[in-house]
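Spelled out, the chains give:
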Amino acid sequence: MSFSETTFSSYEELIANDLKPGDLIEINRGLYSHWVMFVNKCKSGVHWCFHAVATDDNAWSGSMMSSEAIIRKDRLEDIMEGNDSARINNKIDEAKRKECVHRPVNVVITNLERQKDKTVRYSLVELNCEHYVTIWKYGAGWSRQVENAHYVVDSVLGGIARIFGC
């Protein structure tokens, strides 16, 4: 496991790593993480990534209702807002547990280029940016953020039930 897979770092520190096409990048935004897939670095030094971007504010307001997102190709520098930190997190251990293998990077990037600027379904719980990057890389979508949130809610409800003898 490399330094970047365990430690969040600045944009400058992140791009100093050997980013490879198909790498998943987890961007820490405080209460949640935004996920992107690195696709290439062009001759001018720009690092390009694909990501699913919610099209309306309802997706971030805590609403569990389905919404829409756009598949965008943006500069990593523009995606990382202000003081965001990020790390390479290819979810290798989770993929092994789920018996998923990564798809050929050239096929993934070709498909993403075709999907660029298209509107897709989006849901914080069922199909968020983390789900999308794992679908692109492994062909199966999952979100550790959603799994963790479910665990916390279940734990809290279980504790309340014990307190009140339910």
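Residues numbered from 1 in each chain as written. Predicted model: local features only at pLDDT ≥ 70, side-chain atom pairs only at ≥ 80, totals over all residues. Heavy atoms only, no water.

### Remarks on helix α6 (residues 129-138)
The cut-off we apply is this: Exposure categories follow from relative accessible area, calculated using a 1.4 Å probe and restricted to protein chains: below 20% of the type maximum is buried, above 50% is exposed, and the middle band is partly exposed. Here a strand is any run of E in DSSP of at least two residues, a helix any run of H or I of at least four, and the numbering for each starts at the N terminus. Polar contacts, as used here, are pairs of N or O atoms within 3.5 Å; protein pairs need one atom able to donate a hydrogen and one able to accept it. Residues neighboring in sequence count only if both atoms are side-chain atoms.
Burial analysis of α6 places 9 of its 10 residues in the buried class, the great majority of the element. Along α6, the residues classified as buried are Cys129, Glu130, His131, Tyr132, Val133, Thr134, Trp136, Lys137 and Tyr138. Two or three places before glutamate 130, at the start of α6, stands the capping residue asparagine 128, its side-chain oxygen 2.8 Å from that residue's backbone nitrogen. In the stretch just after α6, glycine 139 is the one whose phi turns positive, near 80°.

### Observations concerning the pairing of strand β2 (residues 33-41)
Looking along a regular strand, one sees the side chains alternate between the two faces of the sheet. Filter applied, for reference: Criterion used throughout: strands pair if DSSP finds at least two bridges between them.
Among the 9 residues in β2, 7 count as buried, and that is most of the element. The pairing of strand β1 (residues 24-28) with β2 spans 5 bridges and is classified as antiparallel. Across the sheet, leucine 24 pairs through a bridge with methionine 37, a residue of β2. The turn joining β1 and β2, which pair antiparallel and follow one another in sequence, is formed by 4 residues; a positive phi near 85° is taken by glycine 30. As judged from the 4 bridges shared by β2 and strand β3 (residues 47-54), these two strands associate in the antiparallel manner. Residue pairing in the sheet places lysine 41 in a bridge with histidine 47 of β3. A loop of 5 residues connects β2 with β3, the two strands running antiparallel in sequence, and glycine 45 in this loop sits at a positive phi of about 95°.

### Remarks on the pattern of salt bridges
Here is the rule we go by: Salt bridge, as applied in this entry: a Lys or Arg side-chain nitrogen positioned within 4 Å of an Asp or Glu carboxyl oxygen.
Following the criterion strictly, the structure yields 11 salt bridges and no others. Linking lysine 20 and aspartate 18 is a salt bridge whose minimum nitrogen-to-oxygen distance equals 3.3 Å. What makes aspartate 18 exposed here is its relative accessible area of 56%. Residue arginine 29 is joined to glutamate 81 by a salt bridge in which the shortest nitrogen-to-oxygen separation is 3.9 Å. Here arginine 29, found in the loop between β1 and β2, pairs with glutamate 81, found in the loop between α3 (76-79) and β5 (85-88); they are 52 residues apart in sequence, far enough to count as distant. Accessibility expressed as a relative area gives 47% for glutamate 81, which makes it partly exposed. Here the salt bridges share partners, and the residues they tie into one network are Arg29, Glu81 and Asp84.

### Things to note about the sheet that holds strand β6 (residues 119-122)
The condition that has to hold: Axes here mean lines fitted to C-alpha atoms, for a helix over just the part in contact, with angles spanning 0 to 180 degrees between N-to-C directions. The contact criterion used throughout is that any non-hydrogen atoms of two residues lie within 4.5 Å.
What the 6 strands build is an open sheet, ordered β5-β1-β2-β3-β4-β6; its pairing is antiparallel. Among the strands making up the open sheet, the edge pair consists of β5 and β6. Neighbour to neighbour, the strand axes of the sheet diverge by 35° on average, direction disregarded. Both strand β4 (residues 67-75) and β6 contribute to a ladder of 4 bridges, which runs antiparallel. Bridging across to β6, serine 67 finds its partner in tyrosine 122. Against the sheet, α6 touches β1, β2, β3, β4 and β6, its axis set at about 35° to β2.

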